[in-house]
Amino acid sequence: MKLVNDAKKAVALVKKARRSRAAYREVTGAMRQQGPLERGRFQIAVYFADGDVNMYQIRQWYRPLQELAKTWPVVVIARNATGAKAIVNDGALPVAFVPEVRGVERFIERQDIRIVLYVNQNTRNFQMFRYGRRWHVFINHGESDKMYMTTNQYKAYDYALIAGQAARDRLARTLWDFDLDNKTLDIGRPQADHYSGATPFADDGRTVVLYAPTWEGDRPAAAYGSIATHGEALVATLLADPRYRVIYRPHPRSGIVDAAYGEANRRIIAAVAAANAADPSAQHVFDDKPELGWQLAAADVAIVDISAMVYDRLAVGKPLMVTRPVDPSADVDESGYLGACDWLTTAGSADIVPELTRVLEDPDTTSRLAVWVQHYFGDTAPGAPTARFHAAITQLMTKWERFASE
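None of these values were measured; they are calculated from a predicted model.

Novice: How would you sum up the side chain of H136? Please name residues and give values.
Specialist: Note that H136 resides in strand β5 (residues 135–138). If near-sequence neighbours (up to four positions away) are discounted, H136 is found in contact with V116, Y118, M128, F129, Y131, Y157, D158 and Y159.

Novice: Just give me the short version of the pairing of β5, but keep the residues and values in it.
Specialist: Judged by which residues are buried, β5 turns out to be covered on both faces: W135 and V137 on one side and H136 and F138 on the other are all buried. Pairing geometry for β5 and strand β6 (residues 159–162), over two bridges, is parallel. Its bridge partner lying in β6, F138 is registered against A160.

Novice: Break down the sheet that holds strand β7 (residues 184–186) for me, citing the residues and quoting the values.
Specialist: One open sheet holds the seven strands; their spatial order is β3-β2-β1-β4-β5-β6-β7, and the pairing between them is parallel. Taken across any chain shown, the strands that pair with only one partner, and hence form the sheet edges, are β3 (95–97) and β7. Neighbour-to-neighbour, the strand axes of the sheet open up by a mean angle of 25°, direction not taken into account. Sheet analysis places strand β1 (residues 44–48) next to strand β4 (residues 115–118), joined by four bridges and oriented parallel. Within β4, the position partnered with A45 by the bridge is V116. Running at roughly 155° to β7, helix α7 (residues 165–174) makes contact with β6 and β7 of the sheet.

Novice: Please give an account of the pairing of strand β2 (residues 74–78) that cites residues and values.
Specialist: Taken across its five residues, β2 has five buried, putting it largely inside the fold. Residue alternation in β2 divides its side chains into two sets, V74, V76 and A78 and V75 and I77, and both sets are buried. Pairing of β1 with β2 involves five bridges; the strand directions are parallel. Bridging across to β2, Y47 finds its partner in I77. Of the pairings in the sheet, the one linking β2 to β3 comprises three bridges and is parallel in character. When the sheet's bridge partners are listed, I77 is paired in β3 with A96. Regarding the hand of the β-α-β motif, the stretch spanning β2, helix α4 (residues 81–90) and β3 is right-handed.

Novice: Any details on unusual backbone geometry? Residues and values, ideally.
Specialist: With a phi close to 60°, R133 is a non-glycine residue in the positive phi region. Assignment of secondary structure puts R133 in the loop between α6 (125–129) and β5. Classification of R133 by relative accessible area gives exposed; the value is 68%. For Q283, which is not glycine, the phi dihedral falls at a positive 50°. As for its position among the elements, Q283 is in the loop between α10 (259–278) and β10 (285–286).

Rules used throughout
Residues numbered from 1 in each chain as written. Predicted model: local features only at pLDDT ≥ 70, side-chain atom pairs only at ≥ 80, totals over all residues. Heavy atoms only, no water. Helix = DSSP H or I, 4+ residues; strand = E, 2+ residues; numbered from the N terminus. Contact = heavy atoms within 4.5 Å. Buried < 20%, exposed > 50% of the residue type's maximum accessible area, 1.4 Å probe, protein only. Pairing = 2+ DSSP bridges. Axes fitted to C-alpha atoms, helices over the stretch in contact; angles between N-to-C directions. Right-handed = clockwise from strand over helix to strand, strands pointing away.

Keep in mind these numbers describe shape, not what the thing actually does.
Structure representation (structure tokens):
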């Protein structure tokens, strides 16, 4: 068995290497065709060292960054060939593909980069941190109560843009001697001003349920995924009931660590297809598109795992349930919203209809959510998060000018 597994791993590594080389050839060809970026045009860069498997982390920032670029042009510094290829193909922002450090140095020499934004904690971020006389700013790729949100790596950045008071409280509890007041700026959730995508079905009276699980995690403390524990049972029940329409939106990394988790994901996708074939009017949706927005707005109720999706949905102010992790080692911070949310256990997922009815018909749901929305995101009126995001960037630009003139 070990020999078989080793052989499979070797084959996977060969395929990955071939794919990476093909992506490298394609993206370097695109860069040559594009020609050099205009010298001195950019003062804001987004540093992205990941491959295409983590594109969701930067794609959710496209629309806010495009809006920001109307004031300060924004460029993406891409270090990985598959990630760079995906960003180039998306065409959302200008791209500098610099896989080697000397390429980063040449790019820095040609541009007046004053702010570098980071959407994740890739270890290669440290190759960019070496450049002083500019602000290195962590903007993250979501708001949640996961352990990732309180990593001590926050201290490596000059500043962090955070969602609101809940994030501030979370960091204060966990990070020792971290200057929260001076090193963090509240911006809310600017992505909420740019929800996109067309709803692929008409309102026909069915109750729309969004099931958006996260991946299985790479360690027990982060084992929040529910596809293999909750998902198959609850989706099967809802697909069999003509009163419901399911939007199934799994995390793009589902199954990357645990093959059984990936198999359960594929079974749910197949079940959605089979239900639509049996009843085309059902219009259940398997959603693996990069756009996020219409799903949150269209769903009458959402079922999500402990992830940023909890808080993306929370900002909408509509009913949701959070799956309770089965692994007792999973790190669940119940000091915030997770201490007041509607949990869905594995037993509840097997009898999901009464659970949904309870949440949908609870008269206190709307008022309770409003309190938590304010706590996590502050003012969520249309345009308010974008205004705070731009104000934070303006503040950092002004501070850069002051330091540069000294």
